[in-house]
Amino acid sequence: MKTLSKGLDKEKVRKISKFKNEPEWMMKYRLESYDLFASKKMPEWGPEIDIKLDNITYYKKVFDKIENNWDNVDKDVKATFTDIGLRKAEEEYLAGVHVQYESEGLYSNMLKELRDKNVIFLDTDTALKKHPEIFKKYFGKLVKNDDNKFAALNSAVWSGGTFIYVPPHTKLDRPLQSYFRIDSKNMGQFERTLIIVDEDSDLHYIEGCTAPTYSDDALHAAVVEIFVEKNARCRYTTIQNWSNNVYNLVTKRAIVEEGGTMEWVDGNIGSKVTMKYPACILKGDYSKGTCTTIALADSMQIQDTGAKMIHIGKHTKSNILSKSIARGGGNASYRGLVKITKNAAHSYANVKCDTIILDDKSKSDTFPTNICKNNESSIEHEATVSKIDPKQLFYLMSRGISEDKATELLIMGFIDAFREELPLEYAVELNQLLKGETSIECKR
Amino acid sequence: MLEIKDLTIKVENKIVLNKFNLTINDGEIHVIMGPNGVGKSSLTKVIMAEPNYKVISGDIIYNGESILNLSTDERARKGIFLAMQNPLEIDGVTNSDFLRTAISSINQKNVNLYSFIKKLDEAKADLKMPDEMVHRSINKGFSGGEKKKNEILQMKMLNPSFVMLDEIDSGVDVDALKIVGDNLNNYKKENKDISYLIITHYTHLLRYVKPDFVHVLKEGKVVKTGSYELAKQIEDNGFNFDKIVSSANTGSDQSE
Ligand SMILES: Nc1ncnc2c1ncn2[C@@H]1O[C@H](COP(=O)(O)OP(=O)(O)OP(=O)(O)O)[C@@H](O)[C@H]1O
Ligand SMILES: [Mg+2]
């Protein structure tokens, strides 16, 4: 086991790079990023980030190597992932699975047919060693290390994450999934994900995350960069169910070339504070971006989520559908940006944010920014805030359904458009999460 | 058996029923008629514990027990069913999820999927409802008549013992009305002890479903009780009371 003591300084950044035996350029990049992190202020907008950064563990390696056979994985950890349902999903439904435990990968495997198609699916550290050319070409190009304070932090201390390269003209029939798990108190997890879907190819990637509940805060600050090449399509599905002591501050961005499509499907159920606004830069003509999100803010939770769509190419289209649920005193807010640039003629953007507030203690705000810089394009925006409709509740209850169950049905109905985007297995899991079934603790 | 005793209710500070009395024995079919806004739907809502309808005094007794302290869902689980005048649309909740949840709530155990689908298929066929309807959101995009049929579908699926039908015949075309009538008759045939409380403005449905009693509701009370003949007279003459009373005196109906 390799663990850094709490807190962060330049020496520790250097140590992480040394542990990993990285090339010189990466160590330099990390150190430069650390300086940016140290000099940048916390975001001046959005929820207060009241985290003691000195109290966080920035690197912890528990297992020596990444296994490709569950039989070689620590017995208790294996049992945890069996309970979570990941192993069943792997057998029945997925094309490949990667698991990260604390700072490093734990398990990684994919179907032979994908290897035969030259698909690369690795943890990001291994990818840096095995595929340095592609890595250097794309890494940090979309989310630069000066983008925001937490992107700078990630760039300094990143560890693990997923690297996917899908070669041209390659369709994956089944999704690839990564699973991120934090088990230690005060842990910081800083995975770095880099996905390239080359021309005419198609990828569905699923990301899941959980952590057990501790009284002390943990930090998850990930960076995700996605390159969707000409006529390619990438769908990125997240079901985030961090425990409610995790600050979840994630920068997710995709750049889409001509005729390409990027689809974000983003479910935020857990965490203490989430700030996450998946972005599409629609660079190529006729490129498309969609973002379908739900956020559930329960007691003591703040979900500050949304999406960004930047239209640069002509005839580009984007669609944002955001569904927020606030209950038990939680705060679920939408924050979004749609920008149609001067060049992006004949483009169209649609934004729809619906919020349902279940009691008087809970709240929700909407912060939309819509900018359209040419006359041939348009942005449509619609926002609704509602409560559970007592008439609908009565109708359901008049058929013998209890108030709680009826409310649950109405909430499921409210997020139906999101559930429809999920693979069936995950829709079932989501139902359970929304019913408040507790997350599974690690047996280790 | 349902007994309503001296029931006074109010909605939005307006007294709607005033010392209202009605007893419906097992197996009986009762009809309530009355001018618009007189409180017919309010009666059904208060029996179903709609929170806007407040009981000021009196009692509602079902099978020997007061149900005033029971919530809407508890009353439904006792076998009381209301087919509403204006069935609601609920986006995102499919008819089949809804029905499965309702049946498992009433039976207090999980539904056997196979027997559920079989029963649903039969009910759909009986009502000549298209297959895909059950996978759509509750009443979403249903025509007025389709919504009414959907209420009957729910009744057939949930097996209630006391059924209130609030204007189930309005907005329903001639063929659909016959289908609804046949289904009500068959349901009664299969479940001898069930009783109906039918609210209507016309006699169309009553030609299929023969009532035992027809009541006229006015000023918060039943002002007259008769048989099917009374319904016909109302359809011919309206609620012009003198005419009803005079014809009643010559007819066989008993007036209050
Ligand atoms: N939720 C409500 N809020 C305010 N007033 C109501 C409400 N429900 C009913 N009322 C009033 O109570 C009275 C009785 O209404 P109700 O719907 O019971 O009439 P009805 O006899 O069913 O009429 P119709 O034949 O038109 O269906 C009406 O004056 C109506 O406006
Ligand atoms: Mg009415």
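Caption draft 1: Local environment of the overall build of chain B. Counting its secondary structure elements, chain B contains nine helices and twelve strands. Here the C-alpha atoms of chain B give a radius of gyration of 18 Å, agreeing with the 18 Å that 2.2 N^0.38 yields for 256 residues. In terms of principal-axis extent, the alpha carbons of chain B reach across some 55 × 40 × 35 Å. Within chain B, buried positions represent 52% of all 256 residues. Sequence-distant contacts, at least 24 apart, represent 67% of the contacts inside chain B between residues at least 6 apart. Accessible surface computed for chain B: about 11500 Å², of which carbon and sulfur atoms make up 46%. Chain B carries 33 positive and 36 negative side-chain charges, and their two centres are separated by 1 Å.

Caption draft 2: Seen up close, the packing of helix H2 (residues 24-39) of chain A against helix H8 (residues 149-157) of chain A. All names here are of chain A. Running from amino to carboxyl end, H2 crosses H8 at an angle of 150°, the nearest separation of the two axes being 7 Å. Put simply, H2 runs roughly antiparallel to H8. As for the relative orientation of H2 and H8, their crossing is left-handed in sense. Counting all contacts with H2, which are made through Tyr 29, Arg 30, Ser 33, Tyr 34, Leu 36, Phe 37 and Ala 38, the residues of H8 involved are Lys 149, Ala 152, Leu 153, Ser 155, Ala 156 and Val 157. Here the contact of H2 with H8 is composed, by residue class, of nine nonpolar, two polar and two charged.

Caption draft 3: How the structure looks around the interface of chain A and chain B. On the chain B side, the residues contacting the 18 residues of chain A number 31 residues. It is Phe394(A), Tyr395(A) and Arg399(A) that lose the most area in chain A upon contact with chain B, and together they represent 43% of the buried surface on that side. Taken together, chain A and chain B are joined by one salt bridge. Note that Arg399(A) and Glu151(B) form a salt bridge whose closest N and O atoms lie 2.8 Å from each other. Counting across the chain A and chain B interface gives eight residue pairs in polar contact (both at pLDDT 80 or more). Sorting the residues of the side of chain A that touches chain B by element identifies helix H9 (390-397), helix H10 (403-414) and helix H11 (416-419) of chain A as the ones contributing at least two each. Here the element with the most residues in the side of chain A that touches chain B is H9(A); it accounts for six residues. For the side of chain A that touches chain B, the class distribution of residues is seven nonpolar, five polar and six charged.

Caption draft 4: Summary view of the sheet that holds strand S15 (residues 261-268) of chain A. Residue and element names in this part refer to chain A. The ten strands lie next to each other as S4-S3-S7-S10-S13-S15-S18-S20-S22-S24, forming an open sheet whose pairing is mixed. Both edges of this open sheet fall to strand S4 (104-110) and strand S24 (378-386), since each of them pairs with a single strand only. Within the sheet, the average angular offset between the axes of one strand and its neighbour, ignoring direction, is 10°. Across six bridges, strand S3 (residues 96-101) lies against strand S7 (residues 176-181) in parallel orientation. Across the sheet, residue Gln 100 finds its bridge partner in S7, namely Phe 180. Packing against the sheet, helix H12 (residues 424-434) makes contact with S7, strand S10 (202-210), strand S13 (233-241) and strand S18 (288-297), and its axis sits at approximately 30° to S13.

Caption draft 5: Layout of empty space enclosed by the protein. Residues and elements named next belong to chain A. As enumerated under the stated definition, the model contains two cavities of 30 Å³ or more in all. Among the secondary structure elements, those contributing two or more residues to the lining of the largest cavity are S10 and strand S14 (246-256). For the lining of the largest cavity, the element with the highest residue contribution is S14, accounting for three residues. Tallied by class, the residues present in the lining of the largest cavity amount to five nonpolar, three polar and four charged. By volume, the second largest cavity amounts to about 40 Å³. Along its surface, the second largest cavity is lined by Ile 182, Ser 184, Lys 185, Asn 186, Ala 211, Pro 212, Tyr 214, Asp 216, Ala 218, Ser 243, Asn 245 and Val 246.

Caption draft 6: Representation of the coordination of the magnesium ion (ligand 2) within the structure. Coordination sphere of the magnesium ion (ligand 2), protein contribution only: Ser41(B) (OG) and Gln85(B) (OE1), at 2.0 to 2.1 Å. In this pair, Ser41(B) sits in helix H1 (residues 40-47) while Gln85(B) sits in the loop between strand S6 (80-83) and strand S7 (90-94), placing the two residues 44 residues apart along the sequence.

Caption draft 7: Representation of the sheet that holds strand S2 (residues 14-24) of chain B within the structure. Taken in spatial order, the four strands line up as S2-S1-S4-S5 (chain B) in an open sheet, and their pairing is antiparallel. Edge positions in the sheet fall to S2 and strand S5 (65-66) of chain B, since each of these pairs with one other strand and no more.

Caption draft 8: Representation of the site of ligand 1 in the model. Residue and element names in this part refer to chain B. Close to ligand 1 lie 16 residues, the nearest being Lys 14, Gly 37, Lys 40, Ser 42 and Tyr 53. Contact distances for ligand 1 include 3.0 Å between an oxygen atom and a side-chain N or O atom of His 201. Elements with a contribution of two residues or more to the shell around ligand 1: S2 and H1. Ranked by residue count, the leading element in the shell around ligand 1 is H1, at three residues. For the shell around ligand 1, the per-class residue count stands at five nonpolar, seven polar and four charged.

Caption draft 9: Examining the pairing of strand S1 (residues 2-11) of chain B more closely. All names here are of chain B. With seven of ten residues buried, S1 is to be regarded as a mostly interior element. Here S1 pairs with strand S4 (residues 53-62) via eight bridges, running antiparallel. Of the residues in S4, the one forming a bridge with Val 11 is Tyr 53. By the bridge criterion, seven bridges tie S1 to S2 in an arrangement that is antiparallel. In the strand pairing of S2, Leu 2 is matched with Ile 24. The turn joining S1 and S2, which pair antiparallel and follow one another in sequence, is formed by two residues; a positive phi near 45° is taken by Glu 12.

Caption draft 10: Local environment of the pairing of strand S17 (residues 279-282) of chain A. All names here are of chain A. Burial along S17 is two-sided: Ala 279 and Ile 281 and Cys 280 and Leu 282, pointing in opposite directions, are all buried. Bridge analysis of S14 against S17 gives four bridges, and the strand direction is parallel. Each bridged residue has a counterpart across the sheet, and for Val 256 the counterpart in S17 is Leu 282. When S17 meets strand S19 (residues 302-311), the two strands line up parallel, connected through four bridges. By the bridge assignment, Ile 281 is partnered in S19 with Ile 310.

Caption draft 11: Local environment of H9(A). Residue and element names in this part refer to chain A. In terms of burial, H9 is a largely internal element, six of the eight residues being buried. Taken residue by residue, H9 has Gln 392, Leu 393, Phe 394, Tyr 395, Leu 396 and Met 397 as its buried positions. Two or three places before Lys 391, at the opening of H9, Asp 389 has a side-chain oxygen 2.8 Å from that residue's backbone nitrogen.

Cut-offs applied
Counting of residues starts from 1 at the beginning of each chain's written sequence and follows it residue by residue. Labels follow written order: the first chain is A, the first ligand is 1, and so on. Where local features are concerned, this predicted model is filtered to residues with pLDDT of at least 70; where side-chain atom pairs are given and counted, the filter is 80 or more; whole-chain, interface and lining totals use all residues. Only hydrogens and water are set aside; all other atoms, that is, all heavy atoms of the structure, feed into the side-chain values. A run of DSSP states H or I qualifies as a helix once it reaches four residues; a run of E qualifies as a strand once it reaches two. Both are numbered from the N-terminal end. For the radius of gyration, the atom set is restricted to C-alpha positions; the globular benchmark scales as 2.2 Å times the number of residues to the power 0.38. Residue burial is assigned from relative accessible area. The probe radius is 1.4 Å, only protein chains are included, and a residue is buried under 20% of its type maximum, exposed over 50%, and partly exposed in between. Contacts were defined at the residue level, with two residues in contact if any of their heavy atoms lie within 4.5 Å. Computed with the Shrake-Rupley method and a 1.4 Å probe, the accessible areas treat only the protein chains shown as cover for residues. We score Asp and Glu as negative and Lys and Arg as positive, and we do not count His or the chain ends. To locate a charge, the coordinates of NZ of Lys, CZ of Arg, CG of Asp or CD of Glu are taken. Axes here refer to lines fitted to C-alpha atoms; in helices the fit is confined to the stretch in contact. Angles between the N-to-C directions go from 0 to 180 degrees. Roughly parallel refers to an angle under 35 degrees, roughly antiparallel to one over 145, roughly perpendicular to one between 65 and 115, and oblique to any angle outside these ranges. Handedness of each helix crossing follows the sense of rotation of the near helix against the far helix: counterclockwise by less than a right angle gives left-handed, clockwise gives right-handed. Each residue receives one of three labels: charged for Asp, Glu, Lys and Arg, nonpolar for Ala, Val, Leu, Ile, Met, Phe, Trp, Tyr, Cys and Pro, and polar for the others, Gly being one of them. Two parts lose some accessible area (1.4 Å probe) when they are put together, and adding that loss for both gives the buried area. Basic side-chain nitrogens of Lys or Arg form a salt bridge, by our definition, when they fall within 4 Å of a carboxyl oxygen of Asp or Glu. Under this definition, polar contacts are N or O atom pairs within 3.5 Å; protein pairs additionally need one hydrogen-donor-capable and one acceptor-capable atom, and for neighbouring residues in sequence, both atoms have to be side-chain atoms. Strands pair, by our definition, only if DSSP identifies at least two bridges between them. Grid spacing is 1 Å over the protein atoms alone, the probe is 1.4 Å, and a cavity is where that probe fits but cannot get out, while a pocket is an open set with protein on both sides within 12 Å along at least five of seven lines and lining residues have an atom within 4 Å of a point. Grid points are joined across faces, edges and corners, and a volume is the space filled by probe spheres set on the points. Note on donors: an N, O or S atom is included if it sits within 2.8 Å of the metal, or within 3.2 Å for Na, K and Ca, and water is never included, so sites can look incomplete. A molecule or strand has a residue near it when one of that residue's heavy atoms lies within 4 Å.

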